[in-house]
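Structural features, examined
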Amino acid sequence: MLFGGLSSGGAKVSEMTEAVIGAVNRNRAMVAVALLVCVWLTVMQPDPEVPATAHAAAPTTPAKRPQAGATSPSPKPKTGLVPVVAPPRRNIDCTVVKCIALTFDDGPMPGTAKLLNTLAAHKARATFFVVGVNVAAYPDLVRRAVAEGHEIGNHSWSHADLGRSSKGKVRSEIGRTQDAVRRAIGRPPDLFRPPYGSTDGQVAAIARQNGLPQIIWSVDTFDWRDRNSRVVERRAVREAHRGAIILMHDIHRTSVSAVPHILEALARKGYVFVTVSELYSGQTLSPGTKYRHRCPPPPPPPPAVPAAPTVTPSVAPSPGTPSVTPPGAAGTPSAPAGVLAAPSAAPPSAPPSSPPVEQPPADAEECEG
Ligand code: NI
(Lines give C-alpha, C1' and ligand atoms only; values in the text may rest on other atoms or scores of the structure.)
Protein backbone atom coordinates (compact mmCIF):
# COMPACT_ATOMS: atom_id res chain seq x y z
CA MET A 1 0.00 0.00 0.00
CA LEU A 2 2.88 2.05 0.89
CA PHE A 3 4.82 1.33 -2.35
CA GLY A 4 1.64 1.40 -4.27
CA GLY A 5 0.96 4.62 -2.57
CA LEU A 6 4.46 5.76 -3.26
CA SER A 7 4.32 4.55 -6.81
CA SER A 8 1.08 6.29 -7.49
CA GLY A 9 2.42 9.32 -5.61
CA GLY A 10 5.56 9.35 -7.77
CA ALA A 11 3.47 9.16 -10.92
CA LYS A 12 1.43 12.05 -9.74
CA VAL A 13 4.60 14.03 -9.01
CA SER A 14 5.91 13.19 -12.42
CA GLU A 15 2.67 14.32 -14.03
CA MET A 16 2.68 17.48 -12.02
CA THR A 17 6.32 18.12 -12.92
CA GLU A 18 5.54 17.70 -16.58
CA ALA A 19 2.54 19.94 -16.19
CA VAL A 20 4.68 22.62 -14.52
CA ILE A 21 7.36 22.37 -17.16
CA GLY A 22 4.73 22.58 -19.88
CA ALA A 23 3.18 25.60 -18.23
CA VAL A 24 6.57 27.27 -17.90
CA ASN A 25 7.28 26.61 -21.53
CA ARG A 26 3.89 28.01 -22.52
CA ASN A 27 4.54 31.03 -20.38
CA ARG A 28 7.92 31.47 -21.94
CA ALA A 29 6.32 31.24 -25.34
CA MET A 30 3.72 33.78 -24.30
CA VAL A 31 6.38 36.05 -22.88
CA ALA A 32 8.36 35.70 -26.08
CA VAL A 33 5.27 36.52 -28.14
CA ALA A 34 4.53 39.50 -25.92
CA LEU A 35 8.08 40.76 -26.31
CA LEU A 36 7.83 40.40 -30.08
CA VAL A 37 4.58 42.35 -30.09
CA CYS A 38 6.15 45.13 -28.02
CA VAL A 39 9.16 45.32 -30.31
CA TRP A 40 6.89 45.47 -33.37
CA LEU A 41 4.74 48.18 -31.87
CA THR A 42 7.81 50.22 -30.97
CA VAL A 43 9.24 49.90 -34.46
CA MET A 44 5.95 50.77 -36.14
CA GLN A 45 5.13 53.71 -33.81
CA PRO A 46 4.82 56.85 -36.02
CA ASP A 47 7.16 59.79 -35.44
CA PRO A 48 5.19 62.33 -33.38
CA GLU A 49 6.51 65.22 -35.54
CA VAL A 50 5.22 63.65 -38.71
CA PRO A 51 1.56 64.39 -39.33
CA ALA A 52 -0.70 61.42 -39.43
CA THR A 53 -1.98 62.48 -42.80
CA ALA A 54 1.43 62.85 -44.29
CA HIS A 55 0.06 63.26 -47.78
CA ALA A 56 -1.86 66.36 -46.79
CA ALA A 57 1.05 68.07 -45.13
CA ALA A 58 3.88 66.82 -47.22
CA PRO A 59 5.67 69.73 -48.82
CA THR A 60 5.88 69.66 -52.57
CA THR A 61 9.47 70.73 -52.35
CA PRO A 62 11.88 69.82 -49.62
CA ALA A 63 12.46 72.54 -47.10
CA LYS A 64 15.85 74.13 -47.41
CA ARG A 65 17.72 74.80 -44.26
CA PRO A 66 19.74 77.97 -44.17
CA GLN A 67 23.38 77.14 -44.51
CA ALA A 68 25.78 78.40 -41.94
CA GLY A 69 27.50 81.51 -43.15
CA ALA A 70 25.17 81.99 -46.08
CA THR A 71 23.59 85.42 -46.43
CA SER A 72 19.85 85.38 -45.96
CA PRO A 73 17.92 86.51 -49.01
CA SER A 74 16.69 90.11 -48.91
CA PRO A 75 13.10 90.31 -47.66
CA LYS A 76 10.50 90.67 -50.31
CA PRO A 77 9.32 94.29 -50.34
CA LYS A 78 5.87 94.63 -48.86
CA THR A 79 3.30 96.21 -51.07
CA GLY A 80 2.10 99.61 -49.98
CA LEU A 81 5.33 100.65 -48.33
CA VAL A 82 6.22 102.96 -51.18
CA PRO A 83 5.29 106.41 -49.89
CA VAL A 84 2.61 108.22 -51.81
CA VAL A 85 3.73 111.48 -53.36
CA ALA A 86 1.25 114.14 -52.31
CA PRO A 87 0.89 117.39 -54.25
CA PRO A 88 2.58 120.41 -52.72
CA ARG A 89 0.86 121.83 -49.72
CA ARG A 90 -1.05 124.98 -50.58
CA ASN A 91 -0.16 128.21 -48.87
CA ILE A 92 -3.58 129.35 -47.73
CA ASP A 93 -3.87 131.81 -44.86
CA CYS A 94 -7.17 130.93 -43.23
CA THR A 95 -6.95 134.03 -41.06
CA VAL A 96 -7.61 135.93 -44.27
CA VAL A 97 -9.34 133.42 -46.55
CA LYS A 98 -12.83 132.12 -45.80
CA CYS A 99 -11.80 128.52 -45.15
CA ILE A 100 -13.93 125.50 -44.36
CA ALA A 101 -12.90 121.88 -43.80
CA LEU A 102 -15.07 119.03 -45.03
CA THR A 103 -14.34 115.78 -43.19
CA PHE A 104 -15.50 112.29 -44.12
CA ASP A 105 -15.48 109.48 -41.56
CA ASP A 106 -15.52 105.71 -41.30
CA GLY A 107 -14.16 104.81 -44.75
CA PRO A 108 -12.64 104.11 -47.04
CA MET A 109 -15.29 102.12 -48.82
CA PRO A 110 -15.86 101.57 -52.54
CA GLY A 111 -18.15 104.63 -52.64
CA THR A 112 -15.18 106.78 -51.61
CA ALA A 113 -13.97 106.66 -55.21
CA LYS A 114 -17.04 108.56 -56.40
CA LEU A 115 -16.48 111.17 -53.71
CA LEU A 116 -12.86 111.58 -54.79
CA ASN A 117 -14.09 112.18 -58.35
CA THR A 118 -16.45 114.90 -57.10
CA LEU A 119 -13.78 116.62 -55.01
CA ALA A 120 -11.34 116.55 -57.93
CA ALA A 121 -13.92 118.07 -60.28
CA HIS A 122 -14.41 120.96 -57.84
CA LYS A 123 -10.70 121.27 -56.96
CA ALA A 124 -11.69 120.83 -53.33
CA ARG A 125 -9.59 119.18 -50.67
CA ALA A 126 -10.94 117.32 -47.68
CA THR A 127 -9.90 115.17 -44.74
CA PHE A 128 -10.72 111.49 -44.39
CA PHE A 129 -10.83 110.03 -40.89
CA VAL A 130 -10.35 106.40 -41.73
CA VAL A 131 -11.10 103.20 -39.84
CA GLY A 132 -8.14 100.84 -39.73
CA VAL A 133 -9.94 97.70 -40.87
CA ASN A 134 -11.13 99.58 -43.96
CA VAL A 135 -7.65 100.89 -44.65
CA ALA A 136 -6.41 97.32 -44.64
CA ALA A 137 -9.23 96.34 -47.02
CA TYR A 138 -8.93 99.30 -49.42
CA PRO A 139 -5.40 100.69 -49.20
CA ASP A 140 -5.50 101.93 -52.80
CA LEU A 141 -8.32 104.35 -51.98
CA VAL A 142 -6.24 105.82 -49.16
CA ARG A 143 -3.28 106.16 -51.51
CA ARG A 144 -5.42 107.85 -54.14
CA ALA A 145 -6.84 110.32 -51.61
CA VAL A 146 -3.36 111.34 -50.50
CA ALA A 147 -2.10 111.58 -54.07
CA GLU A 148 -4.95 113.99 -54.83
CA GLY A 149 -4.11 116.33 -51.94
CA HIS A 150 -6.47 115.11 -49.24
CA GLU A 151 -5.50 114.44 -45.66
CA ILE A 152 -5.81 111.20 -43.72
CA GLY A 153 -6.75 111.06 -40.03
CA ASN A 154 -6.95 108.17 -37.58
CA HIS A 155 -10.48 107.13 -36.63
CA SER A 156 -9.57 103.99 -34.62
CA TRP A 157 -9.21 100.43 -35.83
CA SER A 158 -12.77 99.12 -35.40
CA HIS A 159 -14.78 102.28 -34.69
CA ALA A 160 -14.82 101.45 -31.00
CA ASP A 161 -16.26 103.74 -28.34
CA LEU A 162 -12.90 104.72 -26.91
CA GLY A 163 -14.37 106.76 -24.08
CA ARG A 164 -15.70 103.49 -22.67
CA SER A 165 -12.69 101.32 -23.45
CA SER A 166 -9.76 100.07 -21.41
CA LYS A 167 -6.35 101.63 -21.72
CA GLY A 168 -5.06 98.62 -23.62
CA LYS A 169 -7.97 98.76 -26.04
CA VAL A 170 -7.47 102.46 -26.72
CA ARG A 171 -3.75 101.94 -27.31
CA SER A 172 -4.48 99.09 -29.69
CA GLU A 173 -7.23 100.91 -31.61
CA ILE A 174 -5.08 103.97 -32.21
CA GLY A 175 -1.78 102.17 -32.72
CA ARG A 176 -3.06 99.59 -35.19
CA THR A 177 -4.61 102.29 -37.35
CA GLN A 178 -1.41 104.34 -37.29
CA ASP A 179 0.38 101.23 -38.54
CA ALA A 180 -2.24 100.44 -41.19
CA VAL A 181 -2.06 103.93 -42.66
CA ARG A 182 1.73 103.86 -42.53
CA ARG A 183 1.69 100.61 -44.49
CA ALA A 184 -0.72 102.07 -47.04
CA ILE A 185 0.85 105.47 -47.72
CA GLY A 186 4.27 105.37 -46.10
CA ARG A 187 3.60 107.59 -43.10
CA PRO A 188 1.17 107.65 -40.18
CA PRO A 189 -1.61 110.21 -39.77
CA ASP A 190 -1.05 113.48 -37.93
CA LEU A 191 -4.66 113.80 -36.77
CA PHE A 192 -7.08 111.70 -34.73
CA ARG A 193 -10.83 111.75 -34.34
CA PRO A 194 -12.40 109.52 -31.67
CA PRO A 195 -15.45 107.63 -32.97
CA TYR A 196 -18.70 109.26 -31.83
CA GLY A 197 -16.56 112.08 -30.47
CA SER A 198 -16.28 109.85 -27.40
CA THR A 199 -13.14 110.78 -25.54
CA ASP A 200 -11.87 111.31 -22.03
CA GLY A 201 -8.64 111.94 -20.19
CA GLN A 202 -7.31 108.48 -20.93
CA VAL A 203 -7.99 108.79 -24.66
CA ALA A 204 -6.46 112.26 -24.68
CA ALA A 205 -3.33 110.99 -22.96
CA ILE A 206 -2.86 108.16 -25.45
CA ALA A 207 -3.54 110.50 -28.36
CA ARG A 208 -0.91 112.82 -26.93
CA GLN A 209 1.58 109.95 -26.66
CA ASN A 210 0.98 109.31 -30.36
CA GLY A 211 1.44 112.99 -31.20
CA LEU A 212 -2.18 113.31 -32.33
CA PRO A 213 -4.48 116.29 -31.72
CA GLN A 214 -8.13 115.32 -31.39
CA ILE A 215 -10.17 116.83 -34.22
CA ILE A 216 -13.86 117.01 -33.40
CA TRP A 217 -16.30 119.09 -35.50
CA SER A 218 -18.45 122.19 -35.35
CA VAL A 219 -21.12 121.21 -37.92
CA ASP A 220 -22.79 117.81 -37.71
CA THR A 221 -24.79 117.01 -40.83
CA PHE A 222 -26.36 113.95 -39.13
CA ASP A 223 -26.00 112.23 -42.48
CA TRP A 224 -25.75 108.86 -40.70
CA ARG A 225 -29.30 109.39 -39.42
CA ASP A 226 -30.94 111.24 -42.30
CA ARG A 227 -30.17 109.19 -45.39
CA ASN A 228 -31.55 111.95 -47.57
CA SER A 229 -29.19 113.95 -49.75
CA ARG A 230 -31.37 117.06 -49.84
CA VAL A 231 -31.67 117.18 -46.05
CA VAL A 232 -27.93 116.77 -45.65
CA GLU A 233 -27.18 119.41 -48.28
CA ARG A 234 -29.44 121.99 -46.67
CA ARG A 235 -28.08 121.33 -43.19
CA ALA A 236 -24.45 121.58 -44.25
CA VAL A 237 -24.97 124.81 -46.19
CA ARG A 238 -27.17 126.41 -43.54
CA GLU A 239 -24.80 125.70 -40.64
CA ALA A 240 -21.54 126.36 -42.42
CA HIS A 241 -19.41 129.10 -40.95
CA ARG A 242 -15.95 130.41 -41.42
CA GLY A 243 -13.36 128.07 -39.93
CA ALA A 244 -15.92 125.25 -39.58
CA ILE A 245 -15.14 121.57 -39.53
CA ILE A 246 -18.07 119.74 -41.13
CA LEU A 247 -18.75 116.10 -40.25
CA MET A 248 -19.98 113.72 -42.94
CA HIS A 249 -19.55 110.00 -43.74
CA ASP A 250 -18.33 108.67 -47.06
CA ILE A 251 -19.71 105.23 -46.24
CA HIS A 252 -23.25 106.44 -47.02
CA ARG A 253 -24.29 106.78 -50.66
CA THR A 254 -26.70 109.59 -49.83
CA SER A 255 -23.89 111.58 -48.24
CA VAL A 256 -21.63 111.20 -51.25
CA SER A 257 -24.49 112.32 -53.49
CA ALA A 258 -24.97 115.45 -51.38
CA VAL A 259 -21.41 116.67 -51.79
CA PRO A 260 -21.64 118.27 -55.28
CA HIS A 261 -24.43 120.60 -54.18
CA ILE A 262 -22.65 121.44 -50.92
CA LEU A 263 -19.47 122.34 -52.79
CA GLU A 264 -21.33 124.50 -55.30
CA ALA A 265 -23.46 126.30 -52.71
CA LEU A 266 -20.58 127.04 -50.36
CA ALA A 267 -18.27 128.09 -53.19
CA ARG A 268 -20.88 130.66 -54.19
CA LYS A 269 -20.64 132.02 -50.64
CA GLY A 270 -16.90 132.42 -51.01
CA TYR A 271 -15.69 129.41 -49.07
CA VAL A 272 -12.41 127.67 -49.87
CA PHE A 273 -12.30 123.95 -49.13
CA VAL A 274 -9.20 123.02 -47.17
CA THR A 275 -7.85 120.07 -45.24
CA VAL A 276 -7.81 120.26 -41.46
CA SER A 277 -4.07 120.92 -41.40
CA GLU A 278 -4.53 123.69 -43.95
CA LEU A 279 -7.33 125.12 -41.82
CA TYR A 280 -4.91 125.46 -38.92
CA SER A 281 -1.93 126.58 -40.96
CA GLY A 282 0.22 128.96 -38.98
CA GLN A 283 -1.09 127.50 -35.73
CA THR A 284 0.52 124.61 -33.91
CA LEU A 285 -1.94 121.93 -32.91
CA SER A 286 -1.24 120.45 -29.51
CA PRO A 287 -1.33 116.62 -29.31
CA GLY A 288 -4.18 115.36 -27.18
CA THR A 289 -6.05 118.68 -27.29
CA LYS A 290 -9.52 118.83 -28.82
CA TYR A 291 -10.26 121.16 -31.72
CA ARG A 292 -13.72 121.83 -33.09
CA HIS A 293 -13.14 124.64 -35.54
CA ARG A 294 -10.64 127.33 -36.24
CA CYS A 295 -11.32 130.26 -34.06
CA PRO A 296 -11.87 133.51 -35.89
CA PRO A 297 -9.00 135.94 -35.75
CA PRO A 298 -9.31 138.42 -32.92
CA PRO A 299 -10.73 141.77 -33.89
CA PRO A 300 -8.11 144.36 -34.66
CA PRO A 301 -7.28 146.61 -31.75
CA PRO A 302 -8.93 150.02 -31.79
CA PRO A 303 -6.84 152.66 -33.48
CA ALA A 304 -4.52 154.47 -31.19
CA VAL A 305 -6.01 157.78 -30.12
CA PRO A 306 -3.44 160.52 -30.48
CA ALA A 307 -2.87 162.56 -27.39
CA ALA A 308 -4.73 165.80 -27.25
CA PRO A 309 -2.55 168.56 -28.58
CA THR A 310 -1.22 170.83 -25.94
CA VAL A 311 -2.64 174.27 -26.10
CA THR A 312 0.00 176.85 -26.69
CA PRO A 313 -0.64 180.51 -26.84
CA SER A 314 -1.15 181.45 -30.38
CA VAL A 315 0.97 184.11 -31.80
CA ALA A 316 -0.77 186.30 -34.25
CA PRO A 317 1.15 186.50 -37.43
CA SER A 318 2.58 189.79 -37.89
CA PRO A 319 1.58 191.61 -40.93
CA GLY A 320 3.73 190.69 -43.84
CA THR A 321 4.71 187.25 -42.48
CA PRO A 322 3.87 184.51 -44.99
CA SER A 323 1.38 182.03 -43.59
CA VAL A 324 2.21 178.27 -43.50
CA THR A 325 -0.55 176.18 -44.89
CA PRO A 326 -0.68 172.55 -43.66
CA PRO A 327 -0.72 169.84 -46.26
CA GLY A 328 -4.18 168.99 -47.48
CA ALA A 329 -5.64 172.32 -46.56
CA ALA A 330 -7.74 174.24 -48.97
CA GLY A 331 -5.73 175.47 -51.86
CA THR A 332 -3.16 172.70 -51.56
CA PRO A 333 -3.32 169.80 -54.02
CA SER A 334 -4.18 166.64 -52.07
CA ALA A 335 -3.44 163.01 -52.87
CA PRO A 336 -5.80 161.43 -55.35
CA ALA A 337 -8.54 159.15 -54.05
CA GLY A 338 -7.43 155.59 -53.35
CA VAL A 339 -3.83 156.48 -52.82
CA LEU A 340 -2.60 156.76 -49.31
CA ALA A 341 -0.76 159.94 -48.52
CA ALA A 342 2.68 159.64 -47.05
CA PRO A 343 2.39 158.89 -43.36
CA SER A 344 2.97 161.85 -41.17
CA ALA A 345 5.10 161.68 -38.12
CA ALA A 346 3.17 160.31 -35.19
CA PRO A 347 2.69 162.52 -32.21
CA PRO A 348 5.51 161.99 -29.78
CA SER A 349 3.13 160.85 -27.05
CA ALA A 350 1.40 158.15 -29.20
CA PRO A 351 2.84 154.63 -28.83
CA PRO A 352 4.02 153.00 -32.04
CA SER A 353 1.22 150.91 -33.48
CA SER A 354 1.96 147.19 -33.98
CA PRO A 355 0.09 144.71 -36.16
CA PRO A 356 -2.40 142.48 -34.35
CA VAL A 357 -0.89 139.21 -33.24
CA GLU A 358 -3.12 136.17 -33.26
CA GLN A 359 -2.86 134.40 -29.95
CA PRO A 360 -4.03 130.79 -30.11
CA PRO A 361 -6.24 130.00 -27.15
CA ALA A 362 -4.82 127.89 -24.39
CA ASP A 363 -7.73 125.51 -24.78
CA ALA A 364 -9.12 125.44 -28.28
CA GLU A 365 -12.60 124.68 -26.99
CA GLU A 366 -12.76 128.00 -25.24
CA CYS A 367 -13.22 129.79 -28.54
CA GLU A 368 -16.41 127.89 -29.20
CA GLY A 369 -19.57 129.80 -29.80
NI1 NI B 1 -17.16 107.49 -37.14
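None of the values given here were measured: they were computed from a predicted structure.

1. Description of the overall build of the protein chain
- When helices and strands are tallied, the protein chain shows 10 helices and 8 strands.
- Considering the protein chain as a whole, with its 369 residues, one finds that 28% of them fall into the buried category.
- Residue pairs at least 24 apart in sequence account for 78% of intrachain contacts in the protein chain once pairs closer than 6 positions are excluded.

2. Describing the confidence of the model for the protein chain
- Here the protein chain shows a mean pLDDT of 75. Residues at 70 or above account for 61%.
- Counting interchain partners and residues more than four positions distant, the pLDDT-below-50 stretch residues 31-77 has 4 contacts.
- Contacts for the low-pLDDT stretch residues 313-365, under 50 throughout, to residues beyond four places or in other chains number 29 contacts.

3. Brief notes about the environment of Asp140
- Along the polypeptide, Asp140 turns up in helix 5 (residues 139-147).
- Accessibility expressed as a C-beta count within 10 Å gives 11 for Asp140, which makes it exposed.
- Here the alpha-carbon distance between Asp140 and Ile185, two residues 45 residues apart in the chain, equals 8.9 Å.

4. Re the pairing of strand 3 (residues 151-154)
- Along strand 3, one buried face is formed by Glu151 and Gly153 and the opposite face, lined by Ile152 and Asn154, is buried too.
- Note: strand 2 (residues 127-130) against strand 3, 4 bridges, orientation parallel. The partner of Phe129 across the bridge, within strand 3, is Gly153.

5. Let's talk about the packing of helix 5 against helix 6 (residues 167-185)
- Contact geometry of helix 5 with helix 6 gives a least axis separation of 9 Å together with a crossing angle of 70°. Taken together, the axes of helix 5 and helix 6 are roughly perpendicular relative to one another. The residues of helix 6 that touch helix 5, namely those facing Pro139, Val142, Arg143 and Val146, are Val181, Ala184 and Ile185.
- When its residues are assigned to classes, the contact of helix 5 with helix 6 shows 6 nonpolar, no polar and 1 charged.

6. Let's talk about the nonpolar core
- With 58 residues, the main nonpolar core has Val142 and Ile246 as its most contacted residues.
- When near neighbours in sequence (up to four residues on either side) are disregarded, Ile246 contacts Ile100, Ala101, Leu102, Thr103, Trp217, Val219, Thr221, Ala236 and Ala240.

7. Here's the deal with helix 5
- Among all positions of helix 5, only Leu141, Val142, Ala145 and Val146 are buried. Along the axis of helix 5, the buried positions cluster into a sector of 135°, meaning they face one direction only.
- Looking at the buried residues of helix 5, the elements they touch are helix 3 (112-121), strand 2, helix 4 (132-137), strand 3 and helix 6.
- At the exit of helix 5 stands Gly149, carrying a positive phi of roughly 95°.

8. A word on unusual backbone geometry
- With an omega of 0°, the peptide bond running from Gly107 to Pro108 counts as cis.
- With respect to the helices, strands and loops of the structure, Pro108 is situated in the loop between strand 1 (99-105) and helix 3.
- Positive phi, close to 80°, is recorded for Ser156, a residue that is not glycine.
- With respect to the helices and strands, Ser156 occurs in the loop between strand 3 and helix 6.

9. Looking at the environment of Ala160
- Among the secondary structure elements, Ala160 is positioned in the loop between strand 3 and helix 6.
- When the C-alpha atoms of Ala160 and Pro195 are compared, they prove to be 6.5 Å apart, with 35 residues separating the residues in sequence.
- Ala160 has contacts with Ser165, Lys169, Glu173 and Pro195, leaving out every residue within four places of it along the chain.

10. Here's the deal with the environment of Gly132
- Structurally, the position occupied by Gly132 is in helix 4.
- Separated by 22 residues in sequence, Gly132 and Asn154 have C-alpha atoms that sit 7.7 Å apart.
- Discounting residues that sit within four places of it in the chain, Gly132 has contacts with Ser156, Trp157, Arg176, Thr177 and Ala180.

11. Here we look at the pairing of strand 1
- Among the 7 residues in strand 1, 7 count as buried, and that is most of the element.
- Residues Cys99, Ala101, Thr103 and Asp105 of strand 1 are buried on one face, and the alternating residues Ile100, Leu102 and Phe104, pointing to the opposite face, are buried as well.
- Relative to strand 7 (residues 272-273), strand 1 runs parallel, the two sharing 2 bridges. Counterpart to Ile100 in the pairing with strand 7 is Phe273.

Procedures and definitions
Residue positions are given per chain, counted from 1 along the sequence in the order it is written. Reporting of local features is limited, given that this is a predicted model, to residues whose pLDDT is at least 70; pairs of side-chain atoms are given and counted only at 80 or more, and all residues count toward the totals for whole chains, interfaces and linings. The secondary structure listing takes helices from DSSP runs of H or I that are at least 4 residues long and strands from runs of E that are at least 2 residues long, numbered from the N terminus. To sort residues by exposure, count the other C-beta atoms lying within 10 Å of each residue's C-beta; 20 or more gives buried, 12 or fewer gives exposed, and values between give partly exposed, all with C-beta atoms placed from the backbone. Contact between residues is assigned whenever the C-beta positions, reconstructed from backbone atoms, fall within 7 Å. What pLDDT expresses is the predictor's confidence in each residue, scored from 0 to 100. Any two strands with at least two DSSP bridges between them are considered paired. In this description, a line fitted to the C-alpha atoms serves as the axis of each element, helices being fitted only across the stretch in contact, and the angle between N-to-C directions of two axes falls anywhere from 0 to 180 degrees. Note that the term roughly parallel is reserved for angles under 35 degrees, roughly antiparallel for angles over 145, roughly perpendicular for angles of 65 to 115, and oblique for everything else. As a working rule, the residues Ala, Val, Leu, Ile, Met, Phe, Trp, Tyr, Cys and Pro are called nonpolar, Asp, Glu, Lys and Arg charged, and the rest polar, with Gly in that last group. The term nonpolar core refers to a set of buried Ala, Val, Leu, Ile, Met, Phe, Trp, Tyr and Cys residues connected through C-beta atoms within 7 Å. To be clear, the arc concerns the directions from the helix axis to the C-beta atoms.

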